Amino acid sequence: MTKYMKLTILILIFLALGIYSVFIEPNRLVITHYTIPNQELRGIKIAFPSDIHIRPHQGKKLARIVKLVNEQNPDIILSAGDFVSGHTKRSTMPIENIAKGLSKMKSKYGIYTVLGNHDGWYGNARITKALEQNGISVLENENLKLNINGKTVYLAGVEDMMTGNPDIAKALNNTKAPIILLSHTPDIFPLIEENVDLVLAGHTHGGQIRIPLIGPIFTASRYHDKYAKGLIEENGQKMIVSTGIGESILPIRFNCPPEIVIIEFE
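Because the structure is a prediction, the values reported are computed rather than measured.

Asks: Before we go on, may I ask you to explain unusual backbone geometry in this structure?
Replies: Trans peptide bonds make up the majority, and among non-glycine residues the majority have a negative phi. Omega for the peptide link from A177 to P178 comes to 5°, which places this bond in the cis form. Relative to the elements of secondary structure, P178 occurs in the loop between α5 (168-171) and β8 (179-182). With a phi angle near 50°, N149 is a residue other than glycine that sits in the positive phi range. In this structure, N149 sits in the loop between β6 (142-148) and β7 (151-157).

Encoded structure:
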């Protein structure tokens, strides 16, 4: 094989990887299932779509998210925020349109979320107003006592570490097990001193670009890949970090497909 042929093959490989990373993997949207043993939460099914980052003209993508969530028939829908895309209002679909679209998601016991850093840059007040006007409750260093399938569950949420002032003690005030805690960033995990049954987070996108045998290039976490994605168990606590649905900074994903997380307790 000549040097010219080798160079041509190499160029074609990089071109194919580029096309896949920009046009194929970002649109895959897989359903990732977790089954967690927990007697107090047994029989509860959660849909966890997070970090959707809806850009202008992505109405079909928004409708697909709603369709996939509804097909799972969840008891409750939770999110870790970042509904908007980018740092400017021109880079995202208006939050009013996003909230209206997401309001079509169906669950028996409602939709709850915290806000992310992109939401904060867009404007927390406007985001919160649009979401709550469409039946999506926003938790900001607070908690709710819910009855899900006849079981009492405390759902808590903290503000974003980058654009808010997360207060774990305030968020968990007057709660008792079982407790589910929402945080946009997984970096809150080592700071939780009270016993929480499950923490749900996003923000990292799993790194978006994960090089085989090396890992992610960047995760937006001070802990790099430690809390980047998946089910993490540490000091008796459990956390699930979603790779998210949208992309941040670059519209690229490789070896890290977007996901909707489904959690069932047994």
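Asks: What am I meant to see in the environment of L198 here?
Replies: On the secondary structure map, L198 appears in strand β9 (residues 198-201). When the C-alpha positions of L198 and S21 are compared, they lie 32 Å apart, and in sequence the two are 177 residues distant.

Asks: What exactly am I supposed to notice about the layout of surface pockets here?
Replies: Where empty space is left in the structure can be found by rolling a water-sized probe over the atoms. There is about 340 Å³ of room inside the largest pocket. In terms of residue class, the lining of the largest pocket is built from eight nonpolar, 11 polar and one charged.

Asks: How do you make sense of the packing of aromatic side chains when you look at a structure like this?
Replies: Pairs of aromatic rings are described using the distance from one ring centre to the other and the angle between the two planes. All chains considered together, the criterion is met by three aromatic pairs. Aromatic side chains Y20 and F254 sit 6.4 Å apart centroid to centroid with 90° between the ring planes, which places their arrangement in the edge-to-face category. Remark: F254 occurs in the loop between β13 (237-241) and β14 (259-265) and Y20 occurs in helix α1 (residues 3-24); sequence separation between them is 234 residues. Their ring planes at 90° and their centres at 5.8 Å tell us that F189 and Y227 sit as a pair that is edge-to-face. Placement of F189 in the loop between β8 and β9 and of Y227 in the loop between β11 (215-216) and β12 (230-234) is noted, with a sequence separation of 38 residues between them. Since its relative accessible area comes to 5%, F189 is described here as buried.

Asks: How should helix α2 (residues 59-71) be read in this particular structure?
Replies: Since the α-helix packs 3.6 residues into each turn, any two residues three or four apart lie on the same face. For α2, built from 13 residues, the straight-helix expectation of 18 Å at 1.5 Å per residue is met to within 8% by its first-to-last C-alpha distance of 18 Å. Here α2 has its buried residues at K61, L62, I65, V66, L68 and V69. Taken down its axis, α2 places every buried residue within 165° of arc, on the same side. Opposite the packed face of α2, turned more than 90 degrees from it, sit the exposed residues K60 and K67. For α2, the secondary structure elements touched by its buried residues are β1 (30-36), β2 (45-48), β3 (76-79), α3 (95-102) and β14. Phi turns positive one or two residues past the end of α2, at N73, with a value near 50°.

Asks: I tried to follow the pairing of β2 on my own but got confused; where do I start?
Replies: What you see with β2 is no split at all: K45 and A47 on one side and I46 and F48 on the other are buried throughout. Bridge count for β2 against β14 is four bridges, and the pairing is antiparallel. Pairing of I46 across the sheet is with I263, part of β14. By the bridge criterion, two bridges tie β2 to β3 in an arrangement that is parallel.

Asks: What is the right way to read the sheet that holds β1 from this model?
Replies: Hydrogen bonds between backbone groups are what pair the strands of a sheet, and the pairing can be parallel or antiparallel. Spatially, six strands are ordered β1-β14-β2-β3-β4-β5 in an open sheet, and the strand pairing comes out mixed. Among the strands making up the open sheet, the edge pair consists of β1 and β5 (136-138). Pairs of neighbouring strands in the sheet enclose a mean axial angle of 25°, with direction left out of account. The sheet contacts of helix α4 (residues 117-133) involve β4 (111-113) and β5, and relative to β5 the element is tilted by about 145°.

Asks: Before we go on, may I ask you to explain the sheet that holds β7 in this structure?
Replies: With mixed pairing, the six strands of this open sheet are ordered in space as β6-β7-β8-β9-β13-β12. Looking at which strands have only one partner, the edges of the open sheet turn out to be β6 and β12. Strand-to-strand twist in this sheet, taken as the mean axis angle between neighbours without regard to direction, amounts to 20°. Here three bridges tie β9 to β13, and the two strands are oriented parallel to one another.

Conventions we followed
Residues numbered from 1 in each chain as written. Predicted model: local features only at pLDDT ≥ 70, side-chain atom pairs only at ≥ 80, totals over all residues. Heavy atoms only, no water. Helix = DSSP H or I, 4+ residues; strand = E, 2+ residues; numbered from the N terminus. 1 Å grid on protein atoms, 1.4 Å probe; cavity = no way out; pocket = protein on both sides within 12 Å on 5 of 7 lines; lining within 4 Å. Points joined across faces, edges and corners; volume = space filled by probe spheres on them. Nonpolar A, V, L, I, M, F, W, Y, C, P; charged D, E, K, R; others polar. Phe/Tyr/Trp six-rings, centres within 6.5 Å; stacked < 30°, edge-to-face > 60°. Buried < 20%, exposed > 50% of the residue type's maximum accessible area, 1.4 Å probe, protein only. Expected span 1.5 Å × (residues − 1). Arc of directions from axis to C-beta. Contact = heavy atoms within 4.5 Å. Pairing = 2+ DSSP bridges. Axes fitted to C-alpha atoms, helices over the stretch in contact; angles between N-to-C directions.

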